[in-house]
Amino acid sequence: MVLSLTSLLMFRLHRLFLAGMLCLLSLVACRDKHLLEERSLIPKPVTLRSLDGHFVLSDQTTISVDPSVDAPETLVDLLSSSWSCSLKLQSQGGTIRFSLSDAVAHPEGYHLEVLPEGIRLVARGRAGLLHGIQTLLQLADGKGYLPSVEIEDAPRFAYRGLMLDVSRHFYNKEFVVKLLDEMARLKLNRFHWHLVDGGGWRMQVDSYPRLMSHAAWRSIEDWDKWWHQRVRTFVPEGTEGAYGGYYTKEEIREVVAHATKLGITVVPEIEMPGHSNEVAAAYPELFCQGRWSTSVADVCIGREETFTFFERILDETLELFPSEYIHIGGDEAAMNHWGDCSKCKARMRREGLKDLHELQSYMIKRIERYLNSKGRKLIGWDEILMGGLAPEATVMSWRGEQGGIEAASAGHDVVMTPNGSLYLDYYQTYGMEQPRAIGGYVPLEKVYAYNPVPKALDPEREHHILGVQANLWTEYVGSEEQAWYMLFPRALALAEVAWSPQKSRDYEDFRVRATRYNDGLRVRGVNAYPMSGVNAHISRSEDGAALRLTLSAEHAGAIIRYTTDGSMPTEESLRYEGPIDVIDSALVVAKPFGKGIPSDVAPRYLRLDKHLALDKSVRYDCKWNERYSASKELSLVDGIKGTPTYLDGLWQGFTEPMDVTIDLGAVKPVRHVLATFMQEREQWVYMPREVEVWISEDGKAFHSIGRVASRTDEHEPRPVFETFDFYAEGKARYVRMRADIGRSPGHFIFTDEIVVW
């Protein structure tokens, strides 16, 4: 076949056109894929399928909402206000269509399709539509581009909560509203409002006006000075220099209305019978002593007026809050006056109550009956288990998981909120430059790792786990800026724990999305912690010959550089590429570098010692505390150092003098013995008064190589780690260490490893 010159030219032009179109389509596909990758969907949807193309918002974009949806204009407003555009609502056929269908199985589930020609969101109910809208808002960029996707989504748990304590420090209505907006973006649907506590009463109550005039304002703002120095005085409203405040009923109605619009239920907490110092300042006649004092915290359960007081307050609470659950606290009652109170003792005799725990339980059960008569349910902290749980009560398990397991096993519903994983008032990273916190150590990775369904729970009882909640107590969170810093990005991890299927959660994937989301929070003015920490995990190599240090940066864009001689890393130091094996001893200092990482970020110091006592036998002439047993007999010689919190299962705790003897297996030269102890004053964890070490060749004749007193100031509010060093020139098979507490019962000492060289 012979082609003419014109035909040949046309053929070549056609091939060039096809190649160009393929290249263009490839570029468009890559751009669309990049659009999706840039979005930080949190929480992660159950299923997400990327499609070709993208949708573009414009002035011609219209929206139609199923006629059966109540108040459709509020849904449109959510999109319009966030997208800064005016979407036109029409009866049908909109570019964006919202509809309801029983084909969506889950009450909060939704199906979302974003195509170049339009968007379709289908849900079973209004809650699902709200969740789908939040996903749409996360998909869109600042220019109105949305990648084409298909999403099927529904929450793992029905209860997805966040608690804010406004008693210790007061936060105005505007802050609460902004927090609700951030919660809604993350599909969190329960706002637990801790309105009353010993730090101040924060809710208008018409029946008892002195709660506002004499219990909402304290003499000193600083919590340390006011609480720990036992000032604890309240002053009348209007007193010069008074600190505090309360929400009017109108402000509360505005908050509840805004939360309802966002699909969030506000759960109020009216604390009883303990943590009631502020009530004593206003109505001391409700207490056993009949007067205010710094030691008064528990209302008198023997007085009938106490029940009248709380029932009237609950009546006003129920009028303001439509929540099914009303939280009554129930935690940490001091019980220091009930046993000497004639009225409480008379109540115990009449009701056949054998101890003070049953007396508290009597009050909780009676309050539950009152709430039930009003069509509401009682929820409280896990101390309400003590003395017998109220018949229909729901438990918030905060002292670990045991309370939740016990309640669920008995057929009660539970919300998991263990302090070791979900208390956001704990430090989220190391370093003295961090804002003051109450103690502990709950980094982002630890929040994300939490599974609200305990392994120890019978699978047939798992349905009693309603969900999960994180708590921000505010003893040392005195400003809005610090509150945001403590909440984010850890609230991102909470959202995914509460929503996404357990099997689909992956921290590395989350870390990338959380970094983008968190950077976005900071751009829009939320003072989120910049994810500048380095996580560390110490283990043993496969053959046991080395200690293995594994590092990871919180920020997905950071690289880690480190040294092994204790010097400060620079941008020229070794780059972390994988686990570091230590066969002797090393002081590793690691620091993140990169865009978004503050230049003055604190480094992470990690000491590793493969020492003489590793894996050797230890005799305990004392008892460890069962709650903090760590690895029991192996704890102090396993080579694994603790993290910055005693709640990590690596620190061993004692409430009596620690007295242990290590058998090295043979007589060996001993030059240096050391152990690190920790102090967290807020948690009754102190340094030992003194530590002494003895050595012996035969296990009978011991001689002391030193006695060292603690150098730590017992009033230091921040966590402190002090190493006690002992030097010797001799030989020994046995090494004995004794650490004296030197304090009254109930105080702890903690150590993680005894190192022998």
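Here, the structure is the one placed above.
Quick notes on the rules
Residues numbered from 1 in each chain as written. Predicted model: local features only at pLDDT ≥ 70, side-chain atom pairs only at ≥ 80, totals over all residues. Heavy atoms only, no water. Pairing = 2+ DSSP bridges. Helix = DSSP H or I, 4+ residues; strand = E, 2+ residues; numbered from the N terminus. Axes fitted to C-alpha atoms, helices over the stretch in contact; angles between N-to-C directions. Buried < 20%, exposed > 50% of the residue type's maximum accessible area, 1.4 Å probe, protein only. Disulfide = S-S within 2.5 Å. Parallel < 35°, antiparallel > 145°, perpendicular 65-115°, else oblique. Contact = heavy atoms within 4.5 Å. Nonpolar A, V, L, I, M, F, W, Y, C, P; charged D, E, K, R; others polar. Core = buried A, V, L, I, M, F, W, Y, C linked by side-chain atoms within 4.5 Å.

A. The arrangement of the sheet that holds strand β20 (residues 534-540) in detail. Spatial ordering of the open sheet is given by β20-β21-β24, a layout of 3 strands whose pairing is antiparallel. On the outer flanks of this sheet lie β20 and β24 (580-582), each paired with one strand and no other. Each adjacent strand pair in this sheet contributes to an overall mean axis angle of 25°, direction not counted.

B. Representation of the environment of L356. One can find L356 in helix α11 (residues 356-373). For L356, a relative accessible area of 23% translates into the label partly exposed.

C. Molecular detail of the state of the cysteines. A complete count under the given rule lists 0 disulfides for this structure. No disulfide involves C288; its sulfur sits 3.6 Å from the nearest other cysteine sulfur, which is in C341. Classification of C288 by relative accessible area gives buried; the value is 17%.

D. Representation of the packing of helix α2 (residues 72-83) against helix α3 (residues 126-139) in the model. Where α2 meets α3, the axes come as close as 11 Å, and the angle between the chain directions of the two elements is 10°. With respect to their mutual orientation, α2 and α3 come out roughly parallel. Between α2 and α3, the contacting residues are T74, L75, L78, L79, S82 and W83 on the first element and R126, L129, L130, I133, L136 and L137 on the second. When grouped by side-chain class, the residues that make up the contact of α2 with α3 number 9 nonpolar, 2 polar and 1 charged.

E. Structural view of the pairing of strand β15 (residues 325-329). Most of β15 sits out of view: 5 of its 5 residues are buried. Taken together, the 3 bridges between β15 and strand β16 (residues 377-381) define a ladder with parallel strand orientation. Looking across to β16, one finds that H327 is bridged to I379.

F. Main features of the nonpolar core. Within the largest apolar cluster, 168 residues are counted, with the highest numbers of intra-cluster contacts made by F98, W193 and L211. For this core, the element with the most residues is helix α16 (residues 490-499), which contributes 8 residues. Each residue touching F98, except ones within four places of it in the same chain, is listed here: I63, S64, V65, D66, L75, L79, L121, L129, I133 and L136. Membership of the second largest hydrophobic core comes to 34 residues, among which are C622, M658, V735 and A739.

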